[in-house]
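Descriptive analysis of the structure
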Amino acid sequence: MTLRLFNTLTGQLDELVPMDGKALRMYACGPTVYDYGHIGNFRTFLQIDVLRRTLKLLGVPVRHVMNITDVDDKIIRNAAAQGITIGQYSAPFEQAFFEDLEALKVQRPEQLVRATEHIPRMVELVQRLAAAGAAYQAEDGSWYFRLSSFPEYGKLSKKDFSGMEDGARVDLDEYEKDSARDFALWKAAKPGETSWDTAIGRGRPGWHIECSTMSMEYLGESFDLHAGGEDLIFPHHENEIAQSESATRKPFARHWMHVRFLLVDGRKMSKSEGNFYTLRDLLLKGYKASAIRMALISVPYRHQLNFTFDGLAEATSAVERLRTFHQRLISTNWPEGDTHSTAGDAQAVSEAAETAKTKFRAALSDDLNTAEARAAIFDLVRAVNTQADCGNLFRREIPAILDALNQFDSVFDILEDTDAEPTRRALEYAEQAGRQADVAPELLARLSLSDEAIEALVAERATAKKQRNFARADQIRNQLAEKGVVIEDSKDGARWKRK
Ligand code: AMP
Ligand code: ZN
């Protein structure tokens, strides 16, 4: 099965296969590390994670590069305001970004690259553009891209810039949606600003040149796929194409994937509207990282995701339901069954598992339809639970069901309960940042277990194990883990400790 993915450049679903016949080379625009990531950012990174996991599921090796923008207008401004270097300013946010990715189980790209570590290569690209007649230096020493030298400008965003004013310039990284201007490749140093002394003068790179440089450095001048949120189509990605193709005279990325924006309660997320959430905000409200992952990936990437707390509650129970189902499968002592009388049922369950797997792959191969992929697995859960409830589920059927479930989890990754750690880290952050007031009382209650209550649960778990009720025993272990209590089993019984 081959993945068919919408390509913003061609405006249709195109097959995504490695052009070198080996590995799929993809570049995703990473974060600008000037603040904590919000759930809109993570929707995009999670959908790119779904893409890379789907490719792997379909047997396509992936070479994924992501940049960290650690120099830009905002970072420079904020660092200057605090009287520290941009490195000192951005390092904690970069660290927080990695922690958040880990909490959400976003797989690390094969290569993570920082803008500030590639300045000489960016300078070379500007020089190459100048030699090709596509870049010029302005009076203040800044370098600009000459839009009139690239007639194909607008081919990604499908905007018609034929009537544009020649020579009009903009030195901002982001600008008005419909204005095409010669944009800054290299910004001359202003007094007091972070800058590098280079062959094209003292200054710093524009945002767009960073991504052209780093993607081509690690993936080659032409590669398979470039991805980001929909806001990057114009000007960022349009500008990347102009820069890269003017320098190399080769097609840049073949395929462009853009994730639609996340809205909160139907509105654009913004701090002033009071509907702006970082991952940490949600963890402090008591939501689990797995549920947030589930909520952010369940709506296919080309649909607008309207984030609501009802939706998050639904994702919480969906995760719970799947975990309980998985526990039930692996911890129940399923009957052998009489081969003659149960052959028909066994076949029905195995067929249901096969169908679920096929539908799951087919849905993901169809432009990453995560909603349908998820539904295929829930259909299976329902069918198997019904059989099990009437005593019609047998041991030999379990592997096929587990296989379907594992396939699902290779993309969704929510079965293993590792939710305690991100919550613990969020609480640590709340303490350091003086945000204790933002911790939900329910979360505190959940976390504040007395020693007696723990003893009682540990005893209940021992009884459950004796009765071979492993599902309940595991549930108690997880419940305690969530509150930072670990159980260690030994031949003298179970011991517990707080983490
Ligand atoms: P930034 O750190 O602002 O450069 O953004 C990092 C990534 O998040 C980019 O791919 C953006 O397109 C994406 N992004 C920003 N806001 C949202 C949103 N509300 N919904 C989805 N993706 C977003
Ligand atoms: Zn970029």
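Now for a quick tour of the structure. (Residues numbered from 1 in each chain as written. Chains lettered and ligands numbered in written order. Predicted model: local features only at pLDDT ≥ 70, side-chain atom pairs only at ≥ 80, totals over all residues. Heavy atoms only, no water.)

Another point: the coordination of the zinc ion (ligand 2). In the first shell of the zinc ion (ligand 2), the protein supplies C29 (SG), C211 (SG) and H236 (NE2), at 2.1 to 2.2 Å from the metal. Taken in chain order, the donor set of the zinc ion (ligand 2) reads C-x181-C-x24-H. Of this pair, C29 sits in the loop between strand 3 (24-28) and helix 1 (39-57) while H236 sits in helix 6 (residues 233-248); the two residues are 207 residues apart in sequence, bridging distant segments of the chain. Using a relative accessible area of 5% as the deciding quantity, one classes C29 as buried. (Donors = N, O, S within 2.8 Å, 3.2 Å for Na, K, Ca; no water. Helix = DSSP H or I, 4+ residues; strand = E, 2+ residues; numbered from the N terminus. Buried < 20%, exposed > 50% of the residue type's maximum accessible area, 1.4 Å probe, protein only.)

Glancing now at the sheet that holds strand 15 (residues 267-268). Hydrogen bonds between backbone atoms are what pair the strands of a sheet, whose relative direction is either parallel or antiparallel. Strand order in the open sheet made by the three strands is 15-14-16, with mixed pairing throughout. If you trace the sheet from one side to the other, it starts and ends with strand 15 and strand 16 (305-307), each paired once. Across three bridges, the pairing between strand 14 (residues 262-264) and strand 16 is parallel. Directly across from L263, in strand 16, lies its bridge partner N306. The sheet strands contacting helix 1 are strand 14 and strand 16, and the helix crosses strand 14 at an angle near 145 degrees. (Pairing = 2+ DSSP bridges. Contact = heavy atoms within 4.5 Å. Axes fitted to C-alpha atoms, helices over the stretch in contact; angles between N-to-C directions.)

The strand order across the open sheet built from five strands is 5-4-3-12-13, with neighbouring strands paired in parallel fashion. At either end of the open sheet lies a strand with only one pairing partner, and these are strand 5 (111-114) and strand 13 (253-259). Averaged over all adjacent pairs, the angle separating strand axes in this sheet is 20 degrees, with direction ignored. By the bridge criterion, four bridges tie strand 4 (residues 62-68) to strand 5 in an arrangement that is parallel. Within strand 5, the position partnered with N67 by the bridge is V113. Sheet contacts for helix 6: strand 12 (223-229) and strand 13; angle to strand 12, the most-contacted strand, approximately 160 degrees.

It is worth spelling out the packing of helix 1 against helix 8 (residues 289-297) at this point. Helix 8 packs onto helix 1 with a crossing angle of 80 degrees between their chain directions and a minimal axis gap of 9 Å. Considering their axes alone, helix 1 and helix 8 lie roughly perpendicular with respect to each other. On helix 8, the residues touching I39, F42, R43, L46, Q47, D49, V50 and R53 of helix 1 are R293, L296 and I297. Looking at side-chain class alone, the contact of helix 1 with helix 8 contains six nonpolar, one polar and four charged residues. (Parallel < 35°, antiparallel > 145°, perpendicular 65-115°, else oblique. Nonpolar A, V, L, I, M, F, W, Y, C, P; charged D, E, K, R; others polar.)

Let us now look at the packing of helix 11 (residues 370-389) against helix 12 (residues 398-412). Contact pair helix 11 / helix 12: the axes reach a minimum separation of 11 Å and the direction vectors enclose 150 degrees. Relative to helix 12, the element helix 11 is oriented roughly antiparallel. Note that helix 11 runs across helix 12; the crossing there is left-handed. Touching T370, R374, I377, L380 and V384 of helix 11 are I401, A404, L405, F408 and F412, all from helix 12. (Left-handed = near helix turned anticlockwise from the far one by under 90°.)

This brings us to the packing of aromatic side chains. One pass over the full model with this rule turns up 19 aromatic pairs. Between Y277 and F307, the ring centres sit 6.4 Å apart and the planes meet at 50 degrees, which makes this aromatic pair tilted. Within this pair, whereas Y277 is found in the loop between strand 15 and helix 7 (279-284), its partner F307 is found in strand 16, the two being separated by 30 residues in sequence. We classify F307 as buried; its relative accessible area is 3%. (Phe/Tyr/Trp six-rings, centres within 6.5 Å; stacked < 30°, edge-to-face > 60°.)

This brings us to helix 8. Counted residue by residue, helix 8 has nine buried out of nine residues, so it is predominantly covered. Where helix 8 is concerned, the buried positions are A289, S290, A291, I292, R293, M294, A295, L296 and I297.

Surrounding ligand 1, one finds 14 residues, the nearest of these being G40, T44, G229, D231 and L262. Taking T32, its main chain carries an N or O atom lying 3.0 Å from an oxygen atom of ligand 1. Between ligand 1 and G229, the relevant distance is 3.0 Å, taken from an oxygen atom to a main-chain nitrogen or oxygen of the residue. Burial of ligand 1 by the protein amounts to 88% of the accessible area it has alone, namely 490 Å². If you list the elements that add at least two residues to the shell around ligand 1, you get helix 1 and strand 12. Of all the elements, helix 1 adds the most residues to the shell around ligand 1, at four residues. Of the residues assigned to the shell around ligand 1, the class counts are five nonpolar, seven polar and two charged. (Near = heavy atom within 4 Å. Polar contact = N/O pair within 3.5 Å; in protein donor to acceptor, adjacent residues only side chain to side chain. Areas by Shrake-Rupley, 256 points an atom, 1.4 Å probe, with all protein chains shown as cover.)

With a probe scaled to a water molecule rolled over the atoms, the places where space remains empty come into view. By volume, the largest pocket is sized at about 1,100 Å³. Y34, H38, N41, D231 and F261 are, among the 40 residues lining the largest pocket, the residues nearest its centre. For the lining of the largest pocket, the secondary structure elements donating two or more residues are helix 1, helix 2 (73-82), helix 3 (86-103), helix 5 (207-219) and strand 12. The leading source of residues in the lining of the largest pocket is helix 1, at six residues. When the residues that make up the lining of the largest pocket are grouped by side-chain class, the tally is 18 nonpolar, eleven polar and eleven charged. Residue lining of the second largest pocket: 16 residues in total, with E320, R323, Q327, Q475 and N478 positioned closest to the centre. At the level of elements, helix 9 (309-331) and helix 16 (470-482) are the ones that each hand at least two residues to the lining of the second largest pocket. Take the lining of the second largest pocket: its biggest share by element is seven residues, from helix 16. (1 Å grid on protein atoms, 1.4 Å probe; cavity = no way out; pocket = protein on both sides within 12 Å on 5 of 7 lines; lining within 4 Å. Points joined across faces, edges and corners; volume = space filled by probe spheres on them.)

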